[in-house]
Structures are given as C-alpha cells and as structure tokens.
Amino acid sequence: MSAIVDVKALSEKLGYPVEIVSEGSVEIVVPSMEKYKRRDGVYEPAWAPVFYNPRMALNRDISVLFLLVYSELRGLNELVVFEPLTGSGVRAVRYAAETGAYVYAADISPAAARLAALNARINRVEERVRVEIADANEAMHRLIRRGIRPTLIDIDPFGSPLPFLDSAIESLGVGGVLAITATDTAPLSGTHPRALRRKYDVVPGRTAWEKEQAVRILAGYIIRRAAAHEYGARILLAYYSDYYVRVYAELRRGARRADEALEQLSYGIYCPICNFTGYINYPGPRCPHCGARPIIVGPLYRGKLCDEELVEAMAERIDRMKLAESKRARKLLNQLRSECSIEKPYYRLDKICSMLHLSMPRIEEVVEELNRLGYKAARTHFDPRGFRTNAPHIIAIDTVYQLALRRIIATRS
Ligand SMILES: C[S@@+](CC[C@H](N)C(=O)[O-])C[C@H]1O[C@@H](n2cnc3c(N)ncnc32)[C@H](O)[C@@H]1O
C-alpha cells in the first residue's frame, strides 16, 4: 500500500504530516509520530491531531483474536461491531479486515473521522466500515433507533469508559459483548481513593494486589451497570497490561441473569499486617486471620478472570494470524489460562518476605511447592513478584517461610 499513497500530498491535503504504519494485516495512515514527541523523545499520541497509539497494538491484537474465537464458539456468522471512539480508525479497520465484521465507527473529532474513513478506503474495507463524526453516546443511540444491534461494542476512550457505558449497554438488544478499556488506572488501583469512590461508587482502598483490584473493580462496575439495565454480565476475559485495564463481558438480557451476576460481587480484603488476602461479603473492621485493621475495597468482581476454553482457543489461533505482537499476546493468554481458575487475589512474595524478615525464595519454587502440597498455584500476569493460590492463608505463608528457611540453611551449610 505504501507505494500507492503519496505521503507528501496526503500531508498537504490533511494539513498535518503523516506516515504509514503496518499493524496486524493492515497498513494505515497516521500523524507522523516523529513530530509529536516530548522533550525526552517519547511519542505523545494525545498531542497529535488524530489519536494513534502504537503501544495499544497488543490491545487491538487481543480484540481481533477475541472476536474471531468468540464468534466461532457461539456459531455467529454476521458480525457487527460498534467502535464509537475510533481515532485513526485502526481498530475499526482491523476488525473489518481481520474478522470480516461490519463496523460502525465514530469520533467526535472531524479530523479523526476523516482519517478513519481514509484508512478504511486504503485497506479496501470501506463497504464494511461506516465512519461518522459524532459524539459516541449519540452515535450509539442513533444505531439503536435504526434497529442495528451489535455483536460487540468496543469502548476505548481516553481515561475512564464510564461516560459511555450506559449507552453501550442499552445498545445491545438481547445481548452481546462489551469490550471495555480503562486507562484511569490511578483511581482504579486506589492511588486516588476519592476519585475511585466518586467515579466507581466503591469503598476505596489500595491493596497489595492493586492491578488485580483495578481489573476487578471495573469488571464489578460493568456487572452493576448491566444489572441496572436488566442484563446479566459474564466476564469472559479481564486483564491488565502496560497502563490500562481491559474487560470483555458477555451480556444477556433478563432480571434473573442480572441477579445471578450480582452474586459474583464481594469486597476485596487485604491485611497490611499479616498479608491476608481474599474476599468478604460485607466490609468488616477486622482481618479474619490476625484481627488487625484491614484494607477493604469494593464491591468488586470476585470470579474467574477468563473463560479457559476461549483463552486456549485464542492462544492456539495466534499462529494462523498476522498480529502486531504475537509473542506478547501468546505470553499473556498462556499466563491468564494458568492463573484464571484461582479466584483469590494474588500474594506479593516480596511483601510476605518483608513481613517474615527473610530473603525471598524463587517464586517458581513457591508455586511448585504449593502444587506439590496439592493446592492450585500459579504466577500472575499482574506482577512478576505475585503468585496466586487456593491454599489457605496460613499454608501460603508457611510455604514461603519454609522455602526461605531452606535457602538460608543451604547457603550456610
Ligand atoms: C483513545 S482514542 C481512541 C483510540 C482508538 N480506539 C484506537 O484503538 O486507536 C479516543 C478517541 O475518542 C475521541 N473522543 C473523545 N470524546 C469523544 C466523544 N464524546 N465521542 C466520540 N469520540 C470521542 C477522541 O477524539 C479520540 O480520537
């Protein structure tokens, strides 16, 4: 495609410098990244006239993989995607080119909508990517009025997805998938507790498993909003990467389904004294293990972070696809598959060892030893220092203690 696009002429026509990049199976025109760099040399996508962030390529890879595998597992043929915050249109064009979906895209910025439409034409998917200049909520409501119901709605905003969540849920009809990105990780992980309470209506706190809490708060919030509209939300895939949270939730209409989904909500608990970690149904004043005052956060989603069958099929499909970040996608999906059947939040090995005043054993040893004792245990994609297990708290701590002692004895003998 690079041969047929005259970059200089296009830059003049659009009024800003552009370049061509490949991502997945498409090539798209984006603002010249060289021109929008901070003093430290790092490209700042928000400074460009149209938003394109190459660091989100993995997010888009997973989106395309998800839709392909989800539609196969559910036996769906006609795929319809709404992407009402489209920026350069890269995501919309990839959905159309890589999954065959019909995509309704929108952006409030005329420059973005123009570039997205151009990118659809250049990749010869203009018949399947409709782009309009519109506010995302208005665009979704217009599509509802036209009776168009999506298989998947992808909300990928700056910061919080909350302003668009209700319209997205209302757009679904009998059901469909919400694919939601949140980059407001500071509130979600408890760094900004007031913003967390204000925006997500939760008892704010900051646990030692703050990345997992961010994912579980967003998933829990989606379940609560969906329930308010009488949809039951099932979390199919939820993860943390780079600086964002991503949740895929399948919604099915019905008050009973909504009630059942709400059963998956709890409060997260973390004790900064004994490192106890888990869930409780009501915020209590004491750690169930040591009686100290714990950190409580929630309500949040306490269930599985992924559907193993779906994630396994996604990982298997990678070799047959042209993705931007195949290696990272495979690693993320494999990690998720191994950890997601353990619902209890992860422990931080460094925090446990600092409590015990002992040096850290290798984290793989901890996982292996817990497995040997008959418990589920795995490392987590959330944190290289984290491991999760279904072992009772005292067993988890004692396992680390015994391994740390063994290490001391081995070094001294
Ligand atoms: C993070 S960017 C989208 C990136 C895109 N989804 C991707 O994968 O590259 C957010 C976009 O939302 C647009 N936007 C912000 N507020 C909007 C609104 N109320 N309605 C529609 N678009 C909006 C911005 O112009 C920007 O292009």
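Further up the page is the structure itself.
Notes on the structure follow. (Residues numbered from 1 in each chain as written. Predicted model: local features only at pLDDT ≥ 70, side-chain atom pairs only at ≥ 80, totals over all residues. Heavy atoms only, no water.)

1. Some thoughts on the layout of surface pockets
If you roll a probe as big as a water molecule over the atoms, it shows you where there is empty space left.
Link 1 in the chain: Computed from the structure, the largest pocket encloses a volume of approximately 740 Å³.
Link 2 in the chain: Taken together, 38 residues form the lining of the largest pocket, with Phe51, Tyr52, Asp156, Pro157 and Phe158 sitting closest to its centre.
Link 3 in the chain: Considered class by class, the residues forming the lining of the largest pocket number 22 nonpolar, 7 polar and 9 charged.
Link 4 in the chain: Roughly 440 Å³ of internal volume is contained in the second largest pocket.
Link 5 in the chain: Lining the second largest pocket are 17 residues; nearest its centre among them are Lys331, Leu332, Gln335, His381 and Phe382. (1 Å grid on protein atoms, 1.4 Å probe; cavity = no way out; pocket = protein on both sides within 12 Å on 5 of 7 lines; lining within 4 Å. Points joined across faces, edges and corners; volume = space filled by probe spheres on them. Nonpolar A, V, L, I, M, F, W, Y, C, P; charged D, E, K, R; others polar.)

2. With respect to the packing of helix H14 (residues 363-372) against helix H15 (residues 393-412)
Link 1 in the chain: Packing of H14 against H15 brings their axes to within 10 Å, and their N-to-C directions diverge by 125°. Classified by the angle between their axes, H14 and H15 sit oblique to one another. Every pair of crossing elements has a handedness; the one defined by H14 and H15 is right-handed. Listed contacts from H15 to Glu365, Val366, Glu369 and Leu370 of H14 are Ile395, Ala396, Thr399, Val400, Leu403, Arg406 and Arg407.
Link 2 in the chain: For the contact of H14 with H15, the class distribution of residues is 6 nonpolar, 1 polar and 4 charged. (Axes fitted to C-alpha atoms, helices over the stretch in contact; angles between N-to-C directions. Helix = DSSP H or I, 4+ residues; strand = E, 2+ residues; numbered from the N terminus. Parallel < 35°, antiparallel > 145°, perpendicular 65-115°, else oblique. Left-handed = near helix turned anticlockwise from the far one by under 90°. Contact = heavy atoms within 4.5 Å.)

3. Thoughts on the side chain of Ser32
Link 1 in the chain: Tracing the chain through its elements places Ser32 in the loop between strand S2 (26-31) and helix H2 (57-74).
Link 2 in the chain: A relative accessible area of 10% places Ser32 in the buried class.
Link 3 in the chain: Contact partners of Ser32, with chain neighbours within four places excluded, come to Pro17, Val18 and Glu19. (Buried < 20%, exposed > 50% of the residue type's maximum accessible area, 1.4 Å probe, protein only.)

4. Some words on the pairing of strand S7 (residues 175-182)
Link 1 in the chain: Across the 8 residues that make up S7, a large majority, 8, are buried.
Link 2 in the chain: Sheet analysis places strand S6 (residues 152-155) next to S7, joined by 4 bridges and oriented parallel. Bridging across to S7, Leu152 finds its partner in Val177.
Link 3 in the chain: Handedness of the crossover joining S6 and S7 through helix H6 (residues 162-170): right-handed.
Link 4 in the chain: Sheet topology note: the S7/strand S9 (residues 244-253) ladder contains 8 bridges and is antiparallel. Across the sheet, residue Gly176 finds its bridge partner in S9, namely Leu251. (Pairing = 2+ DSSP bridges. Right-handed = clockwise from strand over helix to strand, strands pointing away.)

5. A closer look at the environment of Ile280
Link 1 in the chain: Secondary-structure assignment places Ile280 in strand S11 (residues 277-280).
Link 2 in the chain: Judged by relative accessible area, Ile280 falls into the buried class, the value being 17%.
Link 3 in the chain: Sequence separation between Ile280 and Tyr244 is 36 residues; the distance between their C-alpha atoms is 26 Å.
Link 4 in the chain: With residues near it in sequence (within four places) discarded, Ile280 still touches Ser266, Tyr267, Ile269 and Ile296.

6. A word on the sheet that holds strand S15 (residues 383-389)
Neighbouring strands of a sheet are bound in pairs by backbone hydrogen bonds; such pairs are parallel or else antiparallel.
Link 1 in the chain: One open sheet accounts for 3 strands, arranged S13-S15-S14; its pairing is antiparallel. At either end of the open sheet lies a strand with only one pairing partner, and these are strand S13 (347-348) and strand S14 (377-380).
Link 2 in the chain: When S13 meets S15, the two strands line up antiparallel, connected through 2 bridges. Residue pairing in the sheet places Arg348 in a bridge with Gly386 of S15.
Link 3 in the chain: Packed on one face of the sheet, helix H12 (residues 326-339) meets S14 and S15 and runs near 145° to S14.
Link 4 in the chain: Across the face of the sheet, H14 comes into contact with S14 and S15 while running at roughly 10° to S15.

7. Focus on the sheet that holds strand S8 (residues 231-241)
Link 1 in the chain: If you trace the 7 strands from one edge of the open sheet to the other, you get S5-S4-S3-S6-S7-S9-S8, paired in mixed fashion. Edge positions in the sheet fall to strand S5 (129-133) and S8, since each of these pairs with one other strand and no more. Taken pair by pair, the neighbouring strands of this sheet meet at an average axis angle of 15°, ignoring direction.

8. Some remarks on empty space enclosed by the protein
Link 1 in the chain: Within this structure, the stated rule accounts for 1 cavity of 30 Å³ or more.
Link 2 in the chain: For the largest cavity, the calculated volume is near 40 Å³.
Link 3 in the chain: Lining the largest cavity are Phe82, Glu83, Pro84, Tyr104, Ala105, Ala106, Glu132, Ala139, Met140 and Leu143.
Link 4 in the chain: When residues of the lining of the largest cavity are traced back to their parent elements, those giving at least two are strand S3 (80-83), strand S4 (102-107) and helix H5 (136-145).

9. A word on the site of the ligand
Link 1 in the chain: Around the ligand sit 19 residues, and of these Glu83, Arg91, Asp107, Ala136 and Asp156 come closest.
Link 2 in the chain: Between the ligand and Arg91 there is a distance of 2.8 Å, counted from an oxygen atom to a side-chain nitrogen or oxygen.
Link 3 in the chain: Within the side chain of Asp135, an N or O atom sits 2.8 Å from a nitrogen atom of the ligand.
Link 4 in the chain: In isolation the ligand offers 600 Å² of accessible surface; the protein chains occlude 89% of this area. (Near = heavy atom within 4 Å. Polar contact = N/O pair within 3.5 Å; in protein donor to acceptor, adjacent residues only side chain to side chain. Areas by Shrake-Rupley, 256 points an atom, 1.4 Å probe, with all protein chains shown as cover.)

10. Regarding the nonpolar core
Link 1 in the chain: By size, the foremost hydrophobic cluster in this structure holds 117 residues, and its most contacted members are Ile62, Phe66, Leu178, Tyr200 and Leu237.
Link 2 in the chain: Not counting residues within four places of it along the chain, the set of residues in contact with Ile62 comprises Leu237, Tyr239, Tyr248, Met314, Ala329, Leu332 and Leu333.
Link 3 in the chain: Counting residues in hydrophobic clusters, the runner-up holds 15 residues, among them Cys353, Ile363, Ile397 and Leu403. (Core = buried A, V, L, I, M, F, W, Y, C linked by side-chain atoms within 4.5 Å.)

11. Structural notes on the side chain of Asp61
Link 1 in the chain: As for its position among the elements, Asp61 is in helix H2.
Link 2 in the chain: Engagement of the side chain of Asp61 in a polar contact is seen with the side chain of Arg94, the distance being 2.7 Å.
Link 3 in the chain: In this structure Asp61 touches Arg94, Leu323, Ala324, Glu325 and Ser326, once residues within four positions along its chain are discounted.

12. Thoughts on unusual backbone geometry
Link 1 in the chain: Of the consecutive residues Gly298 and Pro299, the connecting peptide bond is found in the cis state with omega at 10°.
Link 2 in the chain: Among the secondary structure elements, Pro299 is positioned in strand S12 (residues 295-301).
Link 3 in the chain: One non-glycine residue with positive phi stands out, namely Asp242, at about 45°.
Link 4 in the chain: Structurally, Asp242 is set in the loop between S8 and S9.

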